[in-house]
Amino acid sequence: MDKLIIEGGVPLQGSIRVSGAKNAALPILMACLLAEGPVSLTNVPRLADIRTSLKLLNILGCETAFEGNDATSVCTGLKSEAPYDLVKTMRASVLCLGPLLARLGEAQVALPGGCAIGARPVDLHLRGMEKMGAKFELTGGYIRGVCPGGLKGAKITLDFPTVGGTENLLMAASLAQGATTLENAAREPEVVDLANFLNAMGAKITGQGTSVITVEGVSTLKGCAYRVMPDRIEAGTYMIAAAITGGELEIVDCPFADLDAVSYKLREMGVWLQEMDDFVLVRRSDGPLRNVDVTTLPHPGFPTDMQAQIMALMCFGKGAGTIEEKIFENRFMHVLELVRLGADVRLKGRTAMVQGVGKLIGAPVMASDLRASASLVLAGLAAEGTTTIERIYHLDRGYENIEAKLSGVGARIKRVPA
Ligand code: UD1
């Protein structure tokens with residue numbers, strides 16, 4: 001397995017372009033199953049999860065192509081089974097359930113297993129589709145769904161504003177008979193991007209970005225051309241890369257408006273951020289970083305996908321701060337690895353107490369999930385000496401060309417093949 005070797009201590013300087021959003025591209029690719037004509041997408045990030053999604057589309061009966069950052073898909077003969085071999089490698093595969101039920105009236109999708117950051121059930125996805133008339137059985141490790149008379153619009157109130165659940169239900173409702181109202185829907189920008197894509201295919205969705213979304217079902221959806229939004233989590237990660245190394249970065253194609261909660265906390269810590277015409281300029285303000293208290297919440301709250309990265313930054317802040325994780329019950333796998341670099345972080349239930357230590361010292365560490373890997377890269381960039389990060393396949397699921405982008409702004413980082 002490849003590893004990353006980072007010689008820390010270089011203040012990053014220059015310009016980094018943000019890639020297309022993984023978490024928008026994944027549901028959008030699954031929504032291609034709904035289209036009766038060809039779909040062509042631009043700004044699709046070249047990531048392992050995207051390749052897995054394209055493979056899944058192939059298995060489900062779509063012809064796909066992926067060149068540069070452009071992907072195309074056309075459905076030629078849909079099939080209803082998403083096999084375990086693929087679903088187990090990527091939880092987001094469960095997003096094919098809504099489209100398959102809507103188009104075929106049946107679907108068999110392997111039940112995604114647990115993963116490193118918590119149990120992550122899909123009960124809310126299923127409950128919502130049941131309200132629309134689907135019936136499910138869980139047998140042989142598969143979710144087997146049917147709705148012989150087709151899906152019918154319904155009023156659905158989610159217990160929790162689940163991102164994937166909202167996306168699955170939006171896709172199912174787009175081709176259902178009648179109107180669906182989704183209450184307590186997720187407000188994440190990626191949900192908005194999916195809804196805008198569905199509308200470009202002919203869906204009638206309003207209210208995306210608020211917690212009440214209305215979908216007027218239509219009988220068919222057509223192909224379209226669509227550009228995937230830029231990745232706010234990648235952008236936020238590079239903002240922290242500038243701050244943690246004491247450098248200055250221009251973040252190009254930065255969806256700054258979607259990063260309010262992150263920029264609020266970074267400014268509170270003493271990071272200087274300025275939105276310019278084409279980029280966001282980031283550097284550490286004069287004076288030390290100050291530690292703050294962070295609570296992860298559904299959007300527009302502080303994103304759980306930035307929690308591990310801000311923890312790395314807080315290791316360099318003055319004083320104590322806390323990070324409370326309210327979305328996933330077990331998302332602190334990076335803590336022990338940061339401690340290996342000299343961090344002072346203590347866990348109490350879902351709260352991490354971070355005492356700034358001023359410096360970290362390079363060491364071998366192990367990545368455990370995608371955002372944990374990002375936090376170790378950030379810590380390694382700022383640590384004294386050499387940090388070696390193993391199991392970086394996690395990183396390749398979510399960050400396009402990370403070593404190239406970081407070495408382009410001065411980082412001493414290299415990938416060593418196994
Ligand atoms: C998506 C993102 C992930 C991000 C997360 C929260 C993608 C591909 N992934 O994941 O990067 O960290 O949103 O912003 O977009 N839950 C249930 N029942 C359900 C569904 C969810 O209990 O049916 C719980 C989960 O266990 C978790 C919480 O709700 O504790 C949030 O999950 P959800 O919003 O669904 O996240 P994902 O869509 O899996």
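Look up a bit, the structure's there.
These lines cover the structure that appears in this document, whether it is placed above or below.

Reading guide: rules and limits
- Residues numbered from 1 in each chain as written.
- Predicted model: local features only at pLDDT ≥ 70, side-chain atom pairs only at ≥ 80, totals over all residues.
- Heavy atoms only, no water.
- Pairing = 2+ DSSP bridges.
- Helix = DSSP H or I, 4+ residues; strand = E, 2+ residues; numbered from the N terminus.
- Axes fitted to C-alpha atoms, helices over the stretch in contact; angles between N-to-C directions.
- Buried < 20%, exposed > 50% of the residue type's maximum accessible area, 1.4 Å probe, protein only.
- Contact = heavy atoms within 4.5 Å.
- Near = heavy atom within 4 Å.
- Polar contact = N/O pair within 3.5 Å; in protein donor to acceptor, adjacent residues only side chain to side chain.
- Nonpolar A, V, L, I, M, F, W, Y, C, P; charged D, E, K, R; others polar.
- Domains from an automatic or database assignment.

## Structural notes on the sheet that holds strand β15 (residues 248-252)
Part 1: Strands sit in the order β2-β15-β17-β16 across an open sheet of 4 strands; the sheet is mixed. Looking at which strands have only one partner, the edges of the open sheet turn out to be β2 (13-17) and β16 (271-275). Direction aside, the axes of adjacent strands within the sheet are offset by 20° on average.
Part 2: Across 5 bridges, the pairing between β2 and β15 is parallel. Paired with Ile16 across the strands is Ile251, a residue of β15.

## Section: unusual backbone geometry
Part 1: Residue Pro300 follows His299 across a cis peptide bond; omega there is 10°.
Part 2: Checked against the element boundaries, Pro300 lands in the loop between β18 (293-295) and α10 (307-314).
Part 3: Positive phi is not limited to glycine here, since Asn43 has a value of about 60°.
Part 4: Checked against the element boundaries, Asn43 lands in the loop between β3 (39-42) and α2 (48-59).
Part 5: In this structure, Asp253 is a non-glycine residue whose phi angle is positive, near 65°.
Part 6: Looking at the element boundaries, Asp253 is found in the loop between β15 and α9 (260-269).
Part 7: Looking at Asp253, the relative accessible area reads 26%, which means it is partly exposed.

## Here we look at helix α5 (residues 123-131)
Part 1: Turning to α5, its buried residues are Leu124, His125, Leu126, Gly128 and Met129.
Part 2: The elements touched by buried residues of α5 are α4 (97-104), β8 (135-139), β9 (142-146), β10 (155-157) and α6 (163-174).

## Here we look at the site of the ligand
Part 1: Of all residues adjacent to the ligand, which total 18 residues, the nearest are Asp123, Leu124, Thr162, Asp305 and Ile327.
Part 2: Between Pro121 and the ligand, the recorded distance is 3.3 Å, taken from a backbone N or O atom to an oxygen atom.
Part 3: Arg331 places a polar side-chain atom, nitrogen or oxygen, 3.5 Å from an oxygen atom of the ligand.
Part 4: Residue assignment for the shell around the ligand shows that the elements contributing at least two residues are α1 (22-31), α5 and α6.
Part 5: It is α5 that contributes the most residues to the shell around the ligand, 3 residues altogether.
Part 6: Partitioned by chemical class, the residues of the shell around the ligand number 8 nonpolar, 5 polar and 5 charged.
Part 7: Looking at which domains feed residues into the shell around the ligand, each of domain 1 (2-16 + 231-417) and domain 2 (24-227) supplies at least three.

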